[in-house]
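Architecture at a glance
Okay, here's what each chain looks like letter by letter:
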Amino acid sequence: MDLLVELSDILVSDLDVDKLLQKLTNRCIDLLDAQAAGVMLAGDRGTLRLLAAAPEYTTWVDLFEAPASPIGWCFTTGLAVADADLDIPDPRWTAFARQARDGGFRSAVALPMRVRGEVIGVFSLFRDRPGWLTAEEMRLAQALANVSTIGLLMQHDQGYRATLAAQAQRVLSGRVAVEQARGILAELLGVDVDTALEELRRHASRTGLDLGAAADEVVGAIPLTAEVGPGKPVLLAHRITMDTLAAVRTLVRQRMTSAGLSGFAADTFMLAIHEAATNAEEHADGGRLWLWRHDGSLWCEISDDGPGLPAGYRVRTDAPAGDFRHAGLWLIRRIYPDAEITSTAQGTRVVLRQPLPDHSGGPFSAAGAGE
């Protein structure tokens, strides 16, 4: 019932097809206990391309777009096609089955998307265990495929092939932006491309942007060649090491000035950032820094992949006397009592929030870091 209400709201309002398709693939994962789902559409030459997927940006594009696969056969035959055990694959798609198993999948289902009897695309899902969908689950999956088709055709009154081509071009452009952004982040943060994608997803979540918009922001603002000045983006991401600490402080100060933060507020924010960054370098051989503007404030996150704080450790409230280990956390708490400090065996994360001048009357809180 909840799904029906959500879809009806989208369809009768000013239709946002991207939102509709993302909602459908996300709910497919929830309702059918799948680990990935996608909407494939055919271009003018009949080649299937991934238009929407859950997770929102998937690294399995080649898997969805493989021609010799249940998805390809579904598009060719117009019939629902399933492989219930990719460990014993159908000989028509052995290479696809091997690639799917490498991605952690053990079964696949593909259902046709039809317009007046013509197959224009495929709705597909993957699961991490072997087995068939029940008859009821297949009916639900086909219903999701049908709603996807309806949403696409309702977007414009013109021919649906032109609609699909334009939609596909937008998705492909967004995919390029995400690839560019993850490459930039991998380089600046000193991480692999998969970790860079997770960093991009976290940034999109905490700023309320979709992944494509977050990628556009990264591509336009983060490269060190990007113009800095009043009214310019302040977004910054950088690797923290002993060799980069001084440069990172300079970059942060430039972004703070660009955002209109100066004087005592800028100095205290800079001091807290410096202490967190120094801790990451000293105790975890380096880390990562993000700085961004959101909801009337400047936010800074410093994270590392170190061993974390000792078990049961609590940030002290009194001034250190002789033992200056973790004194930086004490100073951060002293400056920003509501700073968010989380630590696990996989690392430590510090999130700071500094209201900008026009919003300085409100109380400080780091609790909204994910807003």
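This text goes with the structure placed above it.
Everything numeric in this text was worked out from a predicted model, so none of it was measured.

**Section: the packing of aromatic side chains**
Inspection of the entire model under this criterion finds 6 aromatic pairs. With 5.1 Å between their ring centres and 85 degrees between their planes, Phe64 and Phe126 make a pair best called edge-to-face. Residue Phe64 is found in helix H3 (residues 61-65), and its partner Phe126 is found in strand E5 (residues 118-127); the two are separated by 62 residues along the sequence. Per residue, the accessibility class of Phe64 equals that of Phe126, and both read buried.

**Here we look at the sheet that holds strand E3 (residues 81-83)**
If you walk across this open sheet you meet the 5 strands as E2-E1-E5-E4-E3, and the pairing is antiparallel. Because the sheet does not close on itself, it has two edges, and the strands there are strand E2 (48-54) and E3. If you compare each strand with its neighbour and ignore which way they point, the axes differ by 20 degrees on average. Strands strand E1 (36-42), E2 and E5 of the sheet are contacted by helix H2 (residues 17-32), whose axis makes an angle of about 65 degrees with E2.

**A word on the side chain of Arg127**
Inspection of the secondary structure puts Arg127 in strand E5. Buried Arg127, no salt bridge; nearest opposite-charge side chain is Glu137, N-O distance 4.4 Å. Within the structure, the side chain of Arg127 is placed 3.3 Å from the backbone oxygen of Leu32, a separation counted as a polar contact. Leave out the neighbours within four places in its chain, and Arg127 touches Leu32, Asp33, Ala34, Gln35, Phe105, Arg106, Ser107, Trp132, Leu133 and Glu137.

What counts, and at which threshold
Residues numbered from 1 in each chain as written. Predicted model: local features only at pLDDT ≥ 70, side-chain atom pairs only at ≥ 80, totals over all residues. Heavy atoms only, no water. Phe/Tyr/Trp six-rings, centres within 6.5 Å; stacked < 30°, edge-to-face > 60°. Helix = DSSP H or I, 4+ residues; strand = E, 2+ residues; numbered from the N terminus. Buried < 20%, exposed > 50% of the residue type's maximum accessible area, 1.4 Å probe, protein only. Pairing = 2+ DSSP bridges. Axes fitted to C-alpha atoms, helices over the stretch in contact; angles between N-to-C directions. Contact = heavy atoms within 4.5 Å. Lys, Arg positive; Asp, Glu negative; His and termini not counted. Salt bridge = Lys/Arg side-chain N within 4 Å of Asp/Glu carboxyl O. Polar contact = N/O pair within 3.5 Å; in protein donor to acceptor, adjacent residues only side chain to side chain.

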